[in-house]
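Here are the chains, one letter per residue:
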Amino acid sequence: MRPRAPAVGADIEGTLIRRADRGYEDARTGAVWNEVTPPRFPELIVRAATEADVVHAVTWARAQGLRVSMRSGGHNWSGSPLRDGGLLLDLSGLRQCALTPAQGTDPATATVGPAATGHDLVAALTPHDLAFPVGHCPTVAVGGFLLSGGLGWNSRAWGASCADVREIRAVTADGRTVTCSDTEHPDLFWAARGAGPGFCAAVTGFRLALHPHPASMVMTSLTFPLADVRPVTEWAEPIARRLPPYVETAFVLAASGPPTASAPRGPRITVAATAFATTEHEARQALEPFADCPFGECAVTRQLPTPVSFAALHDGAAAIWPPAHRYAADTLWSPESHATQLPRIADAVAHAPSGKSLVLSPVQPVSQEPALLRNMAFAPLGASYLVCYAVWDDPAGDRDHARWLRDAMAAADPRGEGCHYIAETDLEADPARARRSYTPATWDRLQEIKAQWDPENLFHSYLAP
């Protein structure tokens with residue numbers, strides 16, 4: 001324990017920052033990847049260096065009557081880790097990643113800390129010809145990603161990323177360190193696979209089952225003026241649904257695109273498809289339907305099928321979600337098709353106040369095979385899914401961009417009956433946002449588990465208006 005932080009206990013190896021300390025504001029704003037920092041102020045920030053630090057911080061906070069919030073990588077767009085008062089437990093120092101080779105019928109596994117990122121996992125796994133459905137953005141840490149379910153690369157084949165979580169280590173509200181799995185504390189394990197920022201313990205580690213690295217990854221795309229959103233979605237969505245599960249297809253509606261020889265700068269819709277196959281021939285064959293677009297001559301740009309890697313996919317995603325920008329985001333699961341949903345929101349995208357704003361709408365973003373949805377709080381809640389991002393860089397535009405996001409989502413869900421994905425939804429849009437990220441039965445069970453494991457409500461639950 002450093003001499004300046006005696007209040008939390010004698011064994012803390014990490015750092016304690018009080019609200020009155022120099023460096024507090026940097027630590028507070030640094031807890032959120034988004035440049036929009038909510039005006040919420042924890043009294044203390046503990047940067048844990050070890051699992052033991054987490055135990056000491058949780059035990060001390062409980063004794064002091066302070067509530068606890070947590071952050072791993074800070075990618076929650078609503079800034080859930082930042083709460084007024086209490087203690088912010090910063091787990092960003094727990095970034096370990098250790099591999100265990102396959103043994104007999106047991107697959108290879110990775111034991112990772114909550115702050116390990118998708119970039120970290122790709123770098124660690126690729127040399128061993130292994131893979132995991134990491135988040136699309138390389139800087140997303142596994143902690144919040146896996147706790148929320150995880151819509152990662154190739155999840156249409158591999159399932160939600162949390163389906164590959166074999167066990168977790170967690171510090172509970174009473175200061176115990178527990179290992180949870182299908183057979184050990186199965187209720188807490190079930191909640192850890194989907195509860196997101198409302199999970200009722202501090203997860204310090206995950207053991208992940210790994211996949212053989214796809215032998216061939218090939219990507220193709222076509223980009224059209226956004227005015228063509230209806231014919232593009234009506235053509236591409238049925239194709240995407242018929243393709244093998246190892247093909248991931250997504251629509252991207254961009255507020256602006258660069259001028260080309262055939263079209264001026266303007267809003268765009270891109271259809272991008274990536275095959276994660278066992279051979280290059282198999283990958284290219286799976287993507288052939290995208291080469292036969294009946295109005296392909298209208299495309300602004302076309303990327304022919306090209307081999308890619310997870311690192312290259314991450315590079316492309318990093319360009320969509322650049323650092324040092326301001327963000328607001330919201331999600332929608334809908335019973336309606338992409339061909340119905342995307343034309344509704346297209347006009348809002350075309351008139352976004354920032355050319356960097358976009359809508360990402362993957363077709364079947366996650367497998368719905370029952371075996372891959374077993375024993376988890378996460379579930380896909382609609383036939384179509386989209387996430388809308390307002391992206392800008394001038395603080396003076398905060399109010400306009402927040403209003404644009406909510407207007408765009410109202411256009412996509414005019415009756416307000418859609419559901420949401422807890423990882424990226426606008427939790428402050430209305431009090432029902434968290435509840436509508438789950439089935440009613442799942443929501444009730446989450447409340448029961450919270451009451452059992454955290455009866456004094458030590459850990460902050462879902463952020464609300």
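Residues numbered from 1 in each chain as written. Predicted model: local features only at pLDDT ≥ 70, side-chain atom pairs only at ≥ 80, totals over all residues. Heavy atoms only, no water.

1. Brief notes about the layout of surface pockets
Empty pockets left among the atoms are what a rolling probe the size of a water molecule brings to light. Counted as a void, the second largest pocket has a volume near 390 Å³. Lining the second largest pocket are 19 residues, and of these Val 36, Ala 328, Ala 402, Arg 406 and Glu 428 lie nearest its centre. Looking at the lining of the second largest pocket, the elements that each hand over two or more residues are β16 (326-334) and α11 (398-412). When residues in the lining of the second largest pocket are grouped by element, the largest group, four residues, is from α11. Of the residues assigned to the lining of the second largest pocket, the class counts are 10 nonpolar, four polar and five charged. Counting residues domain by domain, the lining of the second largest pocket receives three or more from each of domain 1 (15-90) and domain 3 (216-437). (1 Å grid on protein atoms, 1.4 Å probe; cavity = no way out; pocket = protein on both sides within 12 Å on 5 of 7 lines; lining within 4 Å. Points joined across faces, edges and corners; volume = space filled by probe spheres on them. Helix = DSSP H or I, 4+ residues; strand = E, 2+ residues; numbered from the N terminus. Nonpolar A, V, L, I, M, F, W, Y, C, P; charged D, E, K, R; others polar. Domains from an automatic or database assignment.)

2. So, the UniProt feature "domain: FAD-binding PCMH-type" (unreviewed entry) in the protein
Residues annotated by UniProt as "domain: FAD-binding PCMH-type" (unreviewed entry) correspond here to residues 37-213. The span residues 37-213 carries 22% helix and 24% strand; its end-to-end C-alpha distance comes to 38 Å. (UniProt positions renumbered as here; feature names shortened; annotations may be inferred.)

3. Considering the sheet that holds strand β17 (residues 358-363)
Strands sit in the order β15-β12-β14-β13-β17-β18-β16 across an open sheet of seven strands; the sheet is antiparallel. The open sheet terminates on both sides in strands that have one partner only, identified here as β15 (301-307) and β16. For this sheet, the mean angle separating the axes of adjacent strands, direction not counted, is 15°. Here β17 pairs with strand β18 (residues 384-392) via three bridges, running antiparallel. (Pairing = 2+ DSSP bridges. Axes fitted to C-alpha atoms, helices over the stretch in contact; angles between N-to-C directions.)

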